[in-house]
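Observations on the three-dimensional arrangement
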Amino acid sequence: MRNIFDQYNEPENRLTHSLVSCLYEDRKLLNSFVNKFCPKFFKNTSLLKVDEQTLPGTKRIETTEDQRKGLPDAIIYNEDQCLIIESKGSSSLTRDQLLRHENTIKRRGFDKIKGIGIVVDLLPNVKLENWKQLTWNSVYSWAHKETKNSEWAKKLVDYFNVLENNMVEDEYLTEGSITEFTGIHFDDDNPYSYREGKRQLKLLVNKIRKN
């Protein structure tokens, strides 16, 4: 069955779309996200807008793959502040791409800009004044903690679990992970499956190796 977040072909676009969709649907989850990953940036979070594959104040339209490459993956903004989100799966962040996005937003009249690059593994050589890097693991860990308060956070966590299995099977994700070990979760509501058992075992082994 097709998931509600499966709107794109590329896994990294699906990751972004699932995150943005959940932030759009749940205002408290949106506030939690910006307070966690970009604290003290927005003066007022009650009027924030969130969108993807577009620019502030522009109505989103269907674009080709080449056109989408020139747009930020997602934006969270108000009248004078903008948080840019650029996400990567198998590909890497580049300084040039991040600077292009930042300059594009500046040309839209914003002078208070921050950026977040979400990656599988942190890239030490990509450092810019207005940008910070996060791992998908940290986003997953944040969302997992929010599942007690948000049904949309639960949808996001469940989707990441399934998508990671698909990414590994398709050899799109050959190293690293987008989720974290949060315990063994099999019960009547979540019956055991080989794929999910294998994913949880891999995460458990990785956690033990790091300790």
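The sections below set out a description of the structure shown in this document. Note that the structure is a prediction, hence the values are computed from the model and not measured.

Per the secondary structure count, the protein includes seven helices and five strands. The linear arrangement of helices and strands in the protein, starting from the amino end, is α-α-β-α-β-β-α-β-β-α-α-α. Relative to its 211 residues, the protein shows a buried fraction of 48%. Counting contacts in the protein only where the partners sit at least 6 residues apart, residues at least 24 apart contribute 61% of the total. Looking at the protein as shown, the accessible area adds up to about 12,400 Å², and 48% of this sits on carbon and sulfur atoms.

With that settled, consider helix α6 (residues 151-169). Between its terminal C-alpha atoms α6 stretches 28 Å, which fits the 27 Å expected from 19 residues at 1.5 Å a residue. Taking the backbone nitrogen of Trp-152 as reference, a side-chain oxygen 3.2 Å away marks Ser-150 as the first, capping residue of α6. Once α6 finishes, Glu-171 follows within two positions and takes phi at roughly 60 degrees, a positive value.

Moving on: the packing of aromatic side chains. For the coordinates displayed, the defined rule picks out seven aromatic pairs. Ring centres of Tyr-140 and Phe-160 lie 6.2 Å apart, and the angle between their planes is 20 degrees; on these two criteria the pair is classed as stacked. Highlighted residues: Tyr-140 in helix α5 (residues 136-146) and Phe-160 in helix α6, separated in sequence by 20 residues. Exposure remark for Tyr-140: the relative accessible area of 2% places this residue in the buried category. Pairwise contacts between aromatic rings join Phe-33, Phe-37 and Trp-142 into one cluster. In this arrangement the basic side chain of Lys-155 is found over the ring face of Trp-152, its NZ or CZ atom lying 5.3 Å from the centre.

This part takes up the side chain of Thr-135. On the secondary structure map, Thr-135 appears in strand β5 (residues 131-135). Of the residues examined, Thr-135 reaches a relative accessible area of 17% and is grouped as buried.

This brings us to the nonpolar core. Among the nonpolar cores identified, the biggest contains 38 residues, and Leu-19, Phe-33, Ile-76, Trp-136 and Trp-142 are the most heavily contacted of them. For this core, the secondary structure elements donating two or more residues are α1 (11-25), α2 (27-37), β2 (74-77), β3 (81-87), β4 (112-119), α5 and α6. With seven residues, α6 is the single largest residue contributor to this core. In contact with Ile-76, other than residues within four places in its own chain, are Leu-23, Leu-30, Phe-33, Val-34, Phe-42, Leu-48, Lys-49, Val-50, Gln-81, Cys-82, Leu-83 and Ile-85. Formed by 15 residues, the second largest nonpolar core is a distinct cluster that contains Leu-71, Ile-84, Phe-110 and Val-119.

Conventions and cut-offs
- Residues numbered from 1 in each chain as written.
- Predicted model: local features only at pLDDT ≥ 70, side-chain atom pairs only at ≥ 80, totals over all residues.
- Heavy atoms only, no water.
- Helix = DSSP H or I, 4+ residues; strand = E, 2+ residues; numbered from the N terminus.
- Buried < 20%, exposed > 50% of the residue type's maximum accessible area, 1.4 Å probe, protein only.
- Contact = heavy atoms within 4.5 Å.
- Areas by Shrake-Rupley, 256 points an atom, 1.4 Å probe, with all protein chains shown as cover.
- Expected span 1.5 Å × (residues − 1).
- Polar contact = N/O pair within 3.5 Å; in protein donor to acceptor, adjacent residues only side chain to side chain.
- Phe/Tyr/Trp six-rings, centres within 6.5 Å; stacked < 30°, edge-to-face > 60°.
- Lys NZ or Arg CZ within 6 Å of the ring centre and 35° of its normal.
- Core = buried A, V, L, I, M, F, W, Y, C linked by side-chain atoms within 4.5 Å.

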